[in-house]
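Breakdown of the fold
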Amino acid sequence: MIHLLTPEIADAIAAGEVIERPASVVKELVENSLDANARRITIDVRGAGKISIRVSDDGDGISAEDLQMAFVRHATSKVTNLSDLDAIATLGFRGEALASIASVSDVECSSAGARIRVRAGNVVEHGAGPLLPGLTLEVKDLFANVPARLKFLKSDNTEVAAIKDVVSSFALLHPHVRFQLTIDARSAVSSAGDGDRRRAIGSVHGLPVAAEMLEMIGMPLVTGMVSQPRMSRGSRDGIVLAVNGRPISSRPLLYALEDCYQGMLERGRHPIAVIDIGIDPELVDVNVHPAKREVRFREEGAVFSALQRAVRVALGGSQPYQYHATAGIPATVARDPMPQLTLHEAAASVAVAEIGARAAENVLRPIGQVGPGYLVAEGPEGLVLIDQHAAHERVLYNRLLERLRTGRGITQPLLMPQAVDVEPRLIAAAADHRADLANLGLEYEEFGPRSLRITAVPVEMPAGRATAAVQETLAALADNRGEGAMEKAAAALACHSAVRFGDTLDLAEQRRLLVDLESAVDAVTCPHGRPTRLLVEWQELRRHFRRNY
Amino acid sequence: MKVTCRPSVLGQALQIVSRAISSRTTLPILNNILIETTSEGLALTATNLEIGIRKLVPAEVSMEGATTAPARLLTDFVSTLPDQDLEMTLDGATQSLNLRCARFDTHIKCIEAEEFPPGPRPDEGDRLEVALDELVSAVEQTQMAASTDEARPVLTGVLVQIQGGALTLAATDGHRLAVRKLAATGPADLEASLIVPARALAELARVLKGEPGKVEVIISKARNQVFFKAGTSELTSRLIDGKYPNYAQVIPSKSSTKVRVSTSELTQTVRAVSLFARDSANVIRVKAQAGALVLSATTNEVGDSKAEMAADVDGSDIQIAFNARYVLDALGVIDEDEVELLFDGPLSPGLLRPPGKEHYLYVIMPVRVAMS
Ligand SMILES: Nc1ncnc2c1ncn2[C@@H]1O[C@H](COP(=O)(O)OP(=O)(O)OP(=O)(O)O)[C@@H](O)[C@H]1O
Ligand SMILES: [Mg+2]
């Protein structure tokens, strides 16, 4: 039953602009269909939404006697008492959307055998209509009566993209609902609605992306999928955050998500994600923003950490980067001259590393070193190429984080303290983090305004690396005040302690690095997000050498 | 130029001289070897402007001359030749070097000798003489302790001090220090401090191998070059400019624990135990107690290992930890049956030396294990 909200309730609802652009119309209409339990929602857009937006669903529909009421401001079937606003379980609750839309366009709506036409807020027709399940609503001539608004719309392409984003988000968040979006008679989004989230992602981002997504299952509060680090984007456009199926924008949650990728993605790269927080409606306030884009959690910290836990567990299943021959290039044409293959075999030292309980289960078998700094190894799934610097950097970074966490570690005091020139701001940064630096194994005395005297280094750092390591580590501290600064510093320290690209490693050292990498967490990337290894699957090799057929 | 020589002798000399060629040179001429006729035969020279190597090869000179030939090609080619007379003739106008040997008749394109940097020659600088095997062992015992940190150039060198008719070689990377003294004959009043790139010294043994017993060390007047000369071989190196840290102050002057053990047994034990020190960056623990030295290492994932060996222990018990690599580096160059270890508490530098001898010492800074 649709009824008018009392003025008291109406006043308690966040007021403001509801319909700003064609995409807002689509969003409101799709929300209404979802609230009406639709399983199939078809959206047809013409002229970037300015000519027509038509949405039809197979939901509960509106009874003939309620049809006119639906277009009255502050009339809704979803809220009755003031207290209902404390636990909003539906996407709509203001009784605003249809009224707002109808006031700036020409709307025709039919449901349950009735039909109504409202133009610029006035009912112009009302009578019998087709007896079809659900509801169909068409918005024509949007903003025709508000030229100012029309003038502020962006280009057609931009408006169409915004519409597509809206429908995509809902399709990703509601895999049980079948969405069909056509734009000027061309299909733009088409989801299966079979409840399979990966398939929903495939329909929006394509199958290759869908295959790279890691699912968050069995975690409290949080459901959805996140991309593994080996796949990322240059923008945040692929991130959909939601609460109870409602897409929202939330800086804190965005930060929580991206923080989980710290040390896995390169600077400027972002994950693809669909994350829905399923939470008791009483614990979240959606009545904050007139367009319902923002929410307030009663316990933001708990949501924040639940999200991080779920994402981190999912990321634990990350796989290494994989080699795929570029489509279209004949496999037989080598694009670059082959680098000279130099295998640094050191058979005598093999026996040395054979000892140790892990050796038996060590699945990567080193074959040699090629080019300036790559290792070649054989694993169960195929040939593995390893960037020796990135790999060692990751191993050391994890050890340094462990040192920070536990305060345990081995420190190499210097036989002769070493003076290192640094800028004054770095000295200040060092002073702020003295205890943490000592946990990492880095100890110093101040030695004039532009110099530190290093008295000890982490045992992980080879002799002779201190100068650059100290300068870069302290620069990382100075450039990243606050949260995460120590991690950045540890990354710099790991980078300057790791074997260099170009160093020669004997077979025993290679084996040791592979074993360490295998047992390291987040081993897919170095702490700066560059890949540590590349897998060339057996299947890929078979395909290339035509051994399949 | 026209000369005749044996490919085997020439090939060996080319290989050694080529060691001075840097793979990263940007000057194409530095990829070539200078070939000159001299009264004794052929002189081969290569340089990377920091290090120069020169070798004389016996040859029959029928026409004097000089040119520069691509090192890699010439070396590879000569090494494939049968050991029969090789006749090399240079066409001065085209700089084409003709090599005839057995069934081979080959031409190699060369570059004029004038293009080759006129490297420094031993001038009338200060000279002294040392025994070749002593010098080679002194270099071996110190050079591995030098640093590879280009940010501190002086530490990438070995300090060579000349004083009172003796040479002292010292090298440190800030974690350990190696010092070796050896006798020299030369002007009694000669005093000098040179920092010789460790990279250059690393070539010394190879360059001088097979030469008769004495090495002549010549320090250029400008004190910016050093020459090592023995027989027909010569190594030249630029010196590193700078002030070497005062290493003497870190040599422990007292000890509370003195240990004497078999060098080979200790080497084997350290090597075996350190396999279990992977996670802890190669750190092994050393415990000295009455009559025994106990070595141990632990890695969470691999397990742990402990080994006890008989030792003469004099003084108080001690437990101390070291980077095993630094210990092995020293043990590898102490060619005595026994080695002496001196400790003065777990946080003070430890000292390794051949027992009862003063000519060599190796100082290692222990590591500190925080278990909080
Ligand atoms: N597709 C639909 N199927 C069934 N009922 C609908 C549909 N669209 C709208 N309604 C009914 O019309 C009412 C008004 O819709 P409207 O979108 O204006 O307000 P609302 O959804 O209640 O709140 P909000 O303004 O927050 O969207 C709804 O409360 C609902 O009862
Ligand atoms: Mg609504």
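Rules used throughout
- Residues numbered from 1 in each chain as written.
- Chains lettered and ligands numbered in written order.
- Predicted model: local features only at pLDDT ≥ 70, side-chain atom pairs only at ≥ 80, totals over all residues.
- Helix = DSSP H or I, 4+ residues; strand = E, 2+ residues; numbered from the N terminus.
- Buried ≥ 20, exposed ≤ 12 C-beta atoms within 10 Å, placed from the backbone.
- Contact = placed C-beta atoms within 7 Å.
- Pairing = 2+ DSSP bridges.
- Axes fitted to C-alpha atoms, helices over the stretch in contact; angles between N-to-C directions.
- Parallel < 35°, antiparallel > 145°, perpendicular 65-115°, else oblique.
- Left-handed = near helix turned anticlockwise from the far one by under 90°.
- Core = buried A, V, L, I, M, F, W, Y, C linked by C-beta atoms within 7 Å.
- Expected span 1.5 Å × (residues − 1).
- pLDDT = per-residue confidence, 0-100.
- Nonpolar A, V, L, I, M, F, W, Y, C, P; charged D, E, K, R; others polar.
- Near = placed C-beta within 6 Å.
- Arc of directions from axis to C-beta.

All right, on to the overall build of chain A then. Looking only at helices and strands, one finds 17 helices and 25 strands in chain A. Within chain A, buried positions represent 42% of all 549 residues. Put simply, of all contacts in chain A between residues at least 6 apart along the chain, 70% involve residues at least 24 apart.

Once that is clear, we can look at the sheet that holds strand 2 (residues 40-46) of chain A. The pairing of strands in a sheet happens through backbone hydrogen bonds and is either parallel or antiparallel. Residues and elements named next belong to chain A. Spatial ordering of the open sheet is given by 7-6-5-8-3-2-9-10, a layout of eight strands whose pairing is mixed. Each edge of the open sheet carries a strand with a single partner, namely strand 7 (122-128) and strand 10 (186-190). Strand-to-strand twist in this sheet, taken as the mean axis angle between neighbours without regard to direction, amounts to 10 degrees. Taken together, the six bridges between strand 2 and strand 3 (residues 52-57) define a ladder with antiparallel strand orientation. Counted as the bridge partner of arginine 46 is serine 52 from strand 3. Packed on one face of the sheet, helix 2 (residues 22-35) meets strand 2, strand 3 and strand 8 (135-140) and runs near 10 degrees to strand 3.

Bringing the packing of helix 14 (residues 466-479) of chain A against helix 15 (residues 485-497) of chain A into the picture now. Residue and element names in this part refer to chain A. It is the contact of helix 14 with helix 15, at a shortest axis distance of 8 Å, that shows an interaxial angle of 160 degrees. With respect to each other, helix 14 and helix 15 are oriented roughly antiparallel. Our pair here, helix 14 against helix 15, has a crossing hand that is right-handed. Listed contacts from helix 15 to Ala468, Ala469, Glu472, Thr473, Ala476 and Leu477 of helix 14 are Ala485, Lys488, Ala489, Ala491, Ala492, Leu493, His496 and Ser497.

So, about the environment of alanine 476 of chain A. Residue and element names in this part refer to chain A. Position of alanine 476 among the secondary structure elements: in helix 14. Distance in space between the C-alpha atoms of alanine 476 and methionine 486 is 8.1 Å, their sequence separation being ten residues. Excluding its chain neighbours within four sequence positions, the residues that come into contact with alanine 476 are Lys488, Ala489, Ala491 and Ala492.

Before going further, it helps to examine the nonpolar core. Counting 167 residues, the largest nonpolar core has Ala490 of chain A together with Ile33, Val158, Val283, Ile284 and Phe322 of chain B as its most contacted members. Per element, the largest residue contribution to this core is eight residues, and it comes from helix 15 of chain A. Once residues within four sequence positions are removed from consideration, phenylalanine 322 of chain B is found in contact with Val283, Ile284, Val286, Val327, Gly350, Ile364, Pro366 and Val367 of chain B. Counting 94 residues, the second largest nonpolar core, distinct from the first, contains Ile9, Val118, Val303 and Val311 of chain A.

What follows is about helix 11 (residues 388-406) of chain A. With 19 residues, helix 11 of chain A extends 27 Å between its outermost C-alpha atoms, agreeing within 8% with the 27 Å of an ideal straight helix rising 1.5 Å per residue. Burial analysis of helix 11 of chain A places 15 of its 19 residues in the buried class, the great majority of the element.

All right, on to the confidence of the model for chain B then. Across chain B, the average pLDDT comes to 92, with 98% of residues at or above 70. We note a pTM of 0.70 for the whole complex and an ipTM of 0.86 for its interfaces.

Per-residue pLDDT for chain A has a mean of 87; in total, 92% of the residues score no lower than 70. Throughout residues 326-361 of chain A the model reports pLDDT below 50, and contacts reaching past four residues in sequence, or to other chains, amount to 37 contacts.

With that settled, consider the interface of chain B and chain A. In this complex, chain B contributes 31 residues to the contact, which on the side of chain A involves 25 residues. At the level of secondary structure, the elements contributing two or more residues to the side of chain B that touches chain A comprise strand 13 (176-183) and strand 27 (368-370) of chain B. Element by element, the count of residues in the side of chain B that touches chain A is highest for strand 27 of chain B, at three residues. Grouping the amino acids of the side of chain B that touches chain A by side-chain chemistry returns 15 nonpolar, nine polar and seven charged. Pairing geometry for strand 22 (residues 409-421) of chain A and strand 27 of chain B, over three bridges, is antiparallel. Note that in strand 27 of chain B the partner of glycine 409 of chain A across the bridge is alanine 370 of chain B.

Let's shift gears to the site of ligand 1. All names here are of chain A. Around ligand 1 there are 25 residues in total, and Asn32, Ala36, Thr76, Gly92 and Ala97 lie nearest to it. Per-element accounting of the shell around ligand 1 gives the leading share, five residues, to helix 2. Grouping the amino acids of the shell around ligand 1 by side-chain chemistry returns nine nonpolar, eight polar and eight charged.

For any two helices packed against each other, the geometry comes down to the angle between their axes and how far apart the axes lie. All names here are of chain B. Two elements in contact, helix 3 (residues 132-143) and helix 4 (residues 198-208), have axes separated by 10 Å at closest approach and are oriented at 145 degrees. The two elements helix 3 and helix 4 meet at a crossing, and its hand is left-handed. The segment helix 3 lies against helix 4, with Leu132, Val136, Val139, Glu140 and Gln143 engaging Ala198, Leu201, Ala202, Leu204, Ala205 and Leu208. In the contact of helix 3 with helix 4, the residues fall into nine nonpolar, one polar and one charged.

Now for the environment of leucine 90 of chain B. All names here are of chain B. Mapped onto the fold, leucine 90 is located in strand 7 (residues 86-91). With 23 C-beta atoms packed within 10 Å, leucine 90 lands in the buried category. Each C-alpha atom of the pair leucine 90 and valine 3 lies 9.2 Å from the other, and the pair is 87 residues apart in sequence. Once residues within four sequence positions are removed from consideration, leucine 90 is found in contact with Met1, Gly65, Thr67 and Leu97.

Okay, helix 5 (residues 263-274) of chain B next. All names here are of chain B. Taking 1.5 Å per residue as the helical rise, helix 5 with its twelve residues ought to reach 16 Å, and the 16 Å between its terminal C-alpha atoms agrees with that figure. Along helix 5, the residues classified as buried are Thr263, Leu266, Thr269, Val270, Val273 and Ser274. One side of helix 5 holds all its buried residues, which, seen down the axis, span an arc of 130 degrees.

So, on to the sheet that holds strand 2 (residues 32-37) of chain B. All names here are of chain B. If you trace the eight strands from one edge of the open sheet to the other, you get 6-2-3-4-17-16-15-10, paired in antiparallel fashion. Of all strands in the sheet, those with a lone pairing partner are strand 6 (66-70) and strand 10 (126-131), marking the two edges. Looking at each pair of strands side by side, their axes are set apart by 20 degrees on average, direction ignored. Pairing analysis gives five bridges linking strand 2 to strand 6, with the strands arranged antiparallel. By the bridge assignment, asparagine 32 is partnered in strand 6 with proline 70. Contacts from helix 2 (residues 71-80) reach strand 2, strand 3 (41-47) and strand 6 within the one sheet, and its direction differs from that of strand 6 by about 85 degrees.

Time to look at the environment of isoleucine 183 of chain A. Residue and element names in this part refer to chain A. Along the polypeptide, isoleucine 183 turns up in strand 9 (residues 178-183). A tally of 20 C-beta atoms within 10 Å means that isoleucine 183 is categorised as buried. For isoleucine 183 and isoleucine 53, which are 130 residues apart along the polypeptide, the C-alpha to C-alpha distance reads 9.4 Å. In contact with isoleucine 183, not counting residues within four places along its chain, are Val45, Val160 and Ala188.

What follows deals with the pairing of strand 18 (residues 257-262) of chain B. Residues and elements named next belong to chain B. Of the strand pairs in this sheet, strand 18 and strand 22 (residues 312-315) are connected by four bridges, and their pairing is antiparallel. Pairing of lysine 258 across the sheet is with aspartate 314, part of strand 22. Sheet analysis places strand 18 next to strand 24 (residues 338-343), joined by six bridges and oriented antiparallel. Within strand 24, the position partnered with serine 262 by the bridge is glutamate 338.

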